[in-house]
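What follows is each chain in one-letter form.
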Amino acid sequence: QAQAVESGGGLVQPGGSLRLSCAASINSFSINSMGWYRQAPGNQRELVARIDSGGSTVYVDSVKGRFTISRDNAKKTVYLQMNSLKPEDTAIYYCNVWPSWAYYWGQGTQVTVSS
């Protein structure tokens, strides 16, 4: 069964940047809203940012002005550019459609912000 494949995570110092990518093998990709989610240890998974089929975006308050979500419909890929990273951004980051499909969660990619 198809799942999202996330990449681009890693260890970065506070104030640094990372760019996450998500290969989304969905036939209806171009018409679906897509989202980036994250789950920190001990916390529930939360929506960080989403982008609709027309390119309109929504962000959780804690990342506004620092993160940018984008999509390439030809490549069926969603990106998350993360700047000015903070230790509290440390989490496993996942992509999925929005609202999420329960069967589509991938392995995610670990982002660790630490000095």
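Please refer to the structure higher up on the page.
Residues numbered from 1 in each chain as written. Predicted model: local features only at pLDDT ≥ 70, side-chain atom pairs only at ≥ 80, totals over all residues. Heavy atoms only, no water.

Before going further, it helps to examine the environment of Gly15. Examined against the element boundaries, Gly15 turns out to sit in the loop between strand 2 (10-12) and strand 3 (18-23). For Gly15, a relative accessible area of 53% puts it in the exposed group. In the structure, Gly15 is positioned 47 residues away from Ser62 in sequence and 15 Å away in space, judged by C-alpha atoms. Once residues within four sequence positions are removed from consideration, Gly15 is found in contact with Ser84 and Leu85. (Helix = DSSP H or I, 4+ residues; strand = E, 2+ residues; numbered from the N terminus. Buried < 20%, exposed > 50% of the residue type's maximum accessible area, 1.4 Å probe, protein only. Contact = heavy atoms within 4.5 Å.)

Here we take up the pattern of salt bridges. The tally for this structure, following the rule as stated, stands at four salt bridges. One salt bridge in this structure joins Arg38 and Glu46, with 2.8 Å as the shortest N-O distance. Judged by its relative accessible area of 32%, Glu46 falls in the partly exposed class. Note that Asp89 and Arg38 form a salt bridge whose closest N and O atoms lie 3.0 Å from each other. Linking Asp89 in the loop between strand 8 (77-82) and strand 9 (91-97) with Arg38 in strand 4 (residues 34-39), this pair joins segments that are 51 residues apart in sequence. (Salt bridge = Lys/Arg side-chain N within 4 Å of Asp/Glu carboxyl O.)

Within the secondary structure, Trp98 is located in the loop between strand 9 and strand 10 (109-113). Each C-alpha atom of the pair Trp98 and Arg50 lies 7.1 Å from the other, and the pair is 48 residues apart in sequence. Apart from residues no more than four positions distant in its own chain, Trp98 is found in contact with Ser33, Met34, Gly35, Tyr37, Leu47 and Arg50.

It is worth spelling out the nonpolar core at this point. Met34, Trp36, Phe67, Ile69, Leu80, Met82 and Tyr93 are the most contacted members of the largest nonpolar core, which has 29 residues in total. Contributing elements (two or more residues each) for this core: strand 3, strand 4, strand 5 (46-51), strand 7 (67-72), strand 8, strand 9 and strand 10. At four residues, strand 9 tops the list of elements feeding residues into this core. Residues in contact with Met82, not counting those within four places in the same chain, are Gly16, Ser17, Leu18, Leu20, Arg66, Phe67, Tyr93 and Val111. (Core = buried A, V, L, I, M, F, W, Y, C linked by side-chain atoms within 4.5 Å.)

Next up on the list: the packing of aromatic side chains. With the rule as written, the count across this model stands at four aromatic pairs. Judged by centre distance (5.9 Å) and plane angle (80°), the rings of Tyr94 and Trp105 are edge-to-face. Of this pair, Tyr94 sits in strand 9 while Trp105 sits in the loop between strand 9 and strand 10, placing them 11 residues apart in sequence. Each of the two residues, Tyr94 as well as Trp105, counts as buried. Measuring from centroid to centroid gives 6.0 Å for Trp101 and Tyr104, while their planes differ by 75°, and the two rings are edge-to-face. (Phe/Tyr/Trp six-rings, centres within 6.5 Å; stacked < 30°, edge-to-face > 60°.)

Further remarks concern the sheet that holds strand 4. Taken in spatial order, the six strands make up an open sheet running 2-10-9-4-5-6, and their pairing is mixed. In the strand order of this sheet, the two ends are held by strand 2 and strand 6 (57-59), each with one partner. For this sheet the average axis-to-axis angle between neighbouring strands, irrespective of direction, equals 25°. (Pairing = 2+ DSSP bridges. Axes fitted to C-alpha atoms, helices over the stretch in contact; angles between N-to-C directions.)

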